[in-house]
Amino acid sequence: MDSFRAAVLRQQNEPLAVLNLNHTKPKIGQVKIRMITSSLCGAQVNEISGKKGPDKFLPHCMGHEGFGEVVAIGPSVTNIKVGDSVILHWKPGNGCDVLGGSYKSSCGLTVGSGPVTTFSEYTIISENRCTPVTNVQSMESILPLVGCALSTSFGAVKKEANVSSNDEVIIIGAGGLGQCLAFWCNIFGAKSVTVVDVHPEKAAIVKKLGAKFATLDEVKNCGGYSKVFETTGVIQNISQTLQLASKEANILLIGQPMTGTSITFDNFLKFFDGISIAPSMGGHFNPAVDTENILGFCRTHHEVLKQLVSHRITLNDINKGFDMMKQPDAGRVVVDFA
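Computed from a predicted model, the values in this text were never measured in an experiment.

What counts, and at which threshold
- Residues numbered from 1 in each chain as written.
- Predicted model: local features only at pLDDT ≥ 70, side-chain atom pairs only at ≥ 80, totals over all residues.
- Heavy atoms only, no water.
- 1 Å grid on protein atoms, 1.4 Å probe; cavity = no way out; pocket = protein on both sides within 12 Å on 5 of 7 lines; lining within 4 Å.
- Points joined across faces, edges and corners; volume = space filled by probe spheres on them.
- Helix = DSSP H or I, 4+ residues; strand = E, 2+ residues; numbered from the N terminus.
- Nonpolar A, V, L, I, M, F, W, Y, C, P; charged D, E, K, R; others polar.
- Salt bridge = Lys/Arg side-chain N within 4 Å of Asp/Glu carboxyl O.
- Buried < 20%, exposed > 50% of the residue type's maximum accessible area, 1.4 Å probe, protein only.
- Expected span 1.5 Å × (residues − 1).

Novice: Would you mind going over the layout of surface pockets in detail, with residue names and values included?
Specialist: If you add up the space inside the second largest pocket, you get close to 180 Å³. Looking at the second largest pocket, the residues that line it are Asn-13, Glu-14, Pro-15, Leu-16, Val-45, Ile-48, Ser-49, Asn-319, Phe-322, Asp-323 and Lys-326. Listing elements by their share of the lining of the second largest pocket, those giving two or more residues are helix H1 (42-49) and helix H9 (318-324). Across the lining of the second largest pocket, the residue classes tally to five nonpolar, three polar and three charged.

In structure tokens, the structure reads:
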């Protein structure tokens, strides 16, 4: 087999193209992986739409959370060996920090990649963007989420917001990330968890995760939440966070608004009630330390976590997968490469 298939972003605001790319060998600090599963994230939606501005690196491979098997390693790689099962993650872990692979398509196009990409049957990534794991049988569908959704939400709840049994939590947005936040808030014993979304169809999965469901109109005058997580990046939702917060509350902004956006808060004097507003920094996820801890919870709560995956697709249907993310019943969309 001289080539493999990969989803490539050729132009912003256009569907991804599934191209045949020629195989190449990993170079210094690189690891070559046969992908087993990956999942779609809002970060790729932002890349495609140009939410943060023009893309300087087109065309390129995409994806930043996945699970696979190591098939080759380059010189200087010491933490990974051929045959390892690995989680692929966007946050740097142990090992060499280098760029990813560069490929030629069957039509002669040069396709680049960053330190980690996952929307392809094979991928060459930086050593520090994958972490070896063991005892993960039967968890293939949720393992990609450890690379971003479950790890970012774990860090947001445990490290950044430090949710405890005294906290009444509200999460704006019941997508894949919001659902993961609800899971962790319950794991770490929050007093109550409410998830807000415009789609009432989300209520069923939210309740299965141990949280209450509400619309923003139903809670906008409550103002009694000690931890406020905003996941949508919608400016109207961000502007509401201050009114939802109690005295000395923590507001954590995870969803990112479009570049150049301005946001207005009503009654900003409330901020002086000891309220903090901060952006999430990827939950301060440390793959080398946190991956095995997160996997421990995954093994214990596997049946609950499987509910986070709402759709499973093939690589050929990846553009349909991004459409699925917009559906009222959407959670995380997983790509199966097997």
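Novice: If you had to explain the pattern of salt bridges to someone new, which residues and values would you point to?
Specialist: This model, assessed by the stated rule, comprises eleven salt bridges. Note that Glu-303 and Lys-306 form a salt bridge whose closest N and O atoms lie 3.2 Å from each other. Taking relative accessible area as the criterion, Glu-303 reaches 53% and is therefore assigned exposed. Across the pair Arg-312 and Asp-336 runs a salt bridge whose closest N-O atoms are separated by 2.9 Å. Of this pair, Arg-312 sits in strand E17 (residues 309-313) while Asp-336 is found in strand E18 (residues 332-336), placing the two residues 24 residues apart along the sequence. Given the relative accessible area of 49%, Arg-312 is considered partly exposed.

Novice: Report on helix H3 (residues 176-187), specifying residues and quantitative values.
Specialist: Across its twelve residues, H3 extends 17 Å between first and last C-alpha, which sits within 8% of the 16 Å expected from 1.5 Å per residue. For H3, a buried count of ten out of twelve residues is recorded, marking the element as mostly surrounded by other parts of the structure. Looking at H3, one finds that the buried residues are Gly-176, Leu-177, Gly-178, Gln-179, Cys-180, Leu-181, Ala-182, Phe-183, Trp-184 and Cys-185. Phi for Gly-189, located one or two positions after H3, is positive at around 80°.

Novice: Lay out unusual backbone geometry with the relevant residues and their values.
Specialist: Omega for the peptide link from Leu-58 to Pro-59 comes to -10°, which places this bond in the cis form. Within the secondary structure, Pro-59 is located in the loop between H1 and strand E4 (60-61). Positive phi values are uncommon outside glycine, yet Ser-76 reaches one of about 75°. Of note, Ser-76 is situated in the loop between strand E5 (66-73) and strand E6 (85-88). Exposure remark for Ser-76: the relative accessible area of 49% places this residue in the partly exposed category. In the Ramachandran plot, Asn-267 falls in the positive-phi region, its phi being about 50° despite a non-glycine side chain.

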